[in-house]
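The chain contents come next:
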Amino acid sequence: MIKRRKTRKVRLGNLFIGGNAPILIQSMIKVPTSATKRVLSQIKRLEKCGCEAVRLAITGDEDVSSLKKIKKAVKIPLVADIQFHTSLAVKAIAAGADKVRLNPGNMKKKGLKEIAHLAKERGIPLRIGANSGSIDLHPHLSPPPTASFREAKRWGRIEERGIAFSLVSAVNDWLKFFEDTGFFDIIISLKTPEVESTVSAYRMMAKDCNYPFHLGITEAGSGREAIVKSSLGIGILLREGLGDTIRVSLTESPEEEVKVAQEILQSLGIRFFHPEIISCPTCGRCTINLPEIVKEVKKKLIYSPLPTPHSPFKIAIMGCAVNGPGEAKEADIGIAGGKGAGLLFKKGKPIRKIKEGKLAEELLREITKTM
Ligand code: SF4
């Protein structure tokens, strides 16, 4: 069981972040907010695949008026992402944003006060984010220009810790600023493109406050590398009980971000979204075409709903008698391959033998009956 860090509970539209609320999955719209129709169709796709809050970049007045229209057309909470211009945050709140994401380091203090007052009045939270790309590294932690290679290497390690330290110190300054204005509905993000410094920063921050955390590895990239990096960074923190909302940043479709986020939460046993398919890697003992069976079952079932919402449902597809019966018994339903056939298991009991050619079809039929 993962013991979650106790945090303040912050309202986001009709949902909550932090406290005992489920860890919320977010993504970001990848077309200009002013392109209202395209945004709405992306939001529909995101809602369908399980996204729970969407962020939109607000870069000017056209985006603000589009945000107003979008807000009227959807139920999912909308997060306005604002950089540099505090006046845009004020307008986005007036247009109906359910939350505003700010990088206070690039904004004027006077405008920030106005945002805090307005957000308080409307009962919406602010995400205060620091990003390693937009903060000054702590001056005492940079290697001197005259450092030898050996010294520079040593400093390199310290500097890595320095990124975390600098992020936490920047956010702490901003927390004090917002708290002094009487604003406390805050969510914190500390972003770097590296696993190590991201994990260090959140661990450090957790000792300083009880605000909920938004987790993510920023600019993670695309494909396999990005998924591994994000899963490690977000996964390590979630396993330690840190993190209340997550966004997987991928240079891919936002739906892909949501699916990876769901996999991270499901792999850690935190939330369950769809059936889990366990299959062996196959080896010289496997005499059935297991990859084909897995492909077929996965195609039909991977994102189908769970028979009992929020409860795990495991399907095991195993190649032979070595680990097959054991895994198949542990799963809700499974097969263990044999010579030209497979043994079907249901709720831990062997049911019947099925010829190899019919394995995928029969397994799917049994699963559908169960679901
Ligand atoms: S279950 Fe059997 S076929 Fe699959 S990897 Fe293990 S030993 Fe090999």
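These figures come from a predicted structure and were not determined experimentally. (Residues numbered from 1 in each chain as written. Predicted model: local features only at pLDDT ≥ 70, side-chain atom pairs only at ≥ 80, totals over all residues. Heavy atoms only, no water.)

## Regarding the overall build of the chain
Working step 1: Each helix and strand in the chain was counted, giving eleven helices and 15 strands.
Working step 2: Projected onto the principal axes, the alpha-carbon positions of the chain cover approximately 75 × 60 × 35 Å.
Working step 3: Classification of the 371 residues of the chain by burial places 51% in the buried group.
Working step 4: For the chain, the computed accessible surface area is about 18,300 Å², with 54% contributed by carbon and sulfur atoms.
Working step 5: Taken together, the 61 basic and 39 acidic charged side chains of the chain have centroids lying 4 Å from each other. (Helix = DSSP H or I, 4+ residues; strand = E, 2+ residues; numbered from the N terminus. Buried < 20%, exposed > 50% of the residue type's maximum accessible area, 1.4 Å probe, protein only. Areas by Shrake-Rupley, 256 points an atom, 1.4 Å probe, with all protein chains shown as cover. Lys, Arg positive; Asp, Glu negative; His and termini not counted. Charge placed at Lys NZ, Arg CZ, Asp CG, Glu CD.)

## Side note on a nonpolar patch on the surface
Working step 1: On the surface, Val-228, Leu-232 and Ile-236 cluster together into a nonpolar patch covering about 230 Å² of accessible area.
Working step 2: Structurally, Ile-236 is set in helix α7 (residues 223-239). (Patch = residues over 30% accessible without salt bridge, like charges linked within 9 Å, V, L, I, M, F, W, Y side chains within 5 Å. Salt bridge = Lys/Arg side-chain N within 4 Å of Asp/Glu carboxyl O.)

## Let's talk about the site of the ligand
Working step 1: Looking at the ligand, the residues that line it are Cys-280, Pro-281, Thr-282, Cys-283, Arg-285, Cys-286, Met-318, Gly-319, Cys-320, Val-322 and Asn-323.
Working step 2: Grouping the amino acids of the shell around the ligand by side-chain chemistry returns seven nonpolar, three polar and one charged. (Near = heavy atom within 4 Å. Nonpolar A, V, L, I, M, F, W, Y, C, P; charged D, E, K, R; others polar.)

## Here's the deal with the UniProt feature "transmembrane region" (unreviewed entry) in the chain
Working step 1: Under the local residue numbering, the UniProt record ascribes the feature "transmembrane region" (unreviewed entry) to residues 12-29.
Working step 2: Taken end to end, residues 12-29 comprises 0% helix and 50% strand; its first and last C-alpha atoms sit 18 Å apart. (UniProt positions renumbered as here; feature names shortened; annotations may be inferred.)

## Some words on the environment of His-214
Working step 1: Residue placement: His-214 occurs in strand β9 (residues 214-215).
Working step 2: By relative accessible area, His-214 is classed as buried at 0%.
Working step 3: Sequence separation between His-214 and Gly-123 is 91 residues, and the spatial gap between their C-alpha atoms is 19 Å.
Working step 4: What His-214 contacts, discounting residues up to four positions off in sequence, is Gln-26, Lys-99, Arg-127, Ile-187, Ile-188, Ser-189, Lys-191, Tyr-202, Thr-245 and Arg-247. (Contact = heavy atoms within 4.5 Å.)

## Some points on the packing of aromatic side chains
Working step 1: Scanning the model with the defined rule gives four aromatic pairs in all.
Working step 2: The interplanar angle of 90° and the centroid separation of 5.3 Å between the aromatic rings of Phe-177 and Phe-178 together place this pair among those described as edge-to-face. Of the two residues examined, Phe-177 and Phe-178, each falls in the buried class.
Working step 3: The rings of Trp-174, Phe-177, Phe-178 and Phe-183 are connected pair by pair, giving a single aromatic cluster.
Working step 4: For the cation-ring pair, Arg-5 lies above Phe-213, with the distance from its terminal atom to the ring centre recorded as 3.9 Å.
Working step 5: Over the aromatic face of Phe-16 sits the side chain of Lys-9, whose NZ or CZ is 4.9 Å from the ring centroid. (Phe/Tyr/Trp six-rings, centres within 6.5 Å; stacked < 30°, edge-to-face > 60°. Lys NZ or Arg CZ within 6 Å of the ring centre and 35° of its normal.)

## Topic: the UniProt feature "domain: IspG C-terminal" (unreviewed entry) in the chain
Working step 1: According to UniProt, the feature "domain: IspG C-terminal" (unreviewed entry) maps to residues 276-368 in the numbering used here.
Working step 2: The span residues 276-368 carries 31% helix and 30% strand; its end-to-end C-alpha distance comes to 14 Å.

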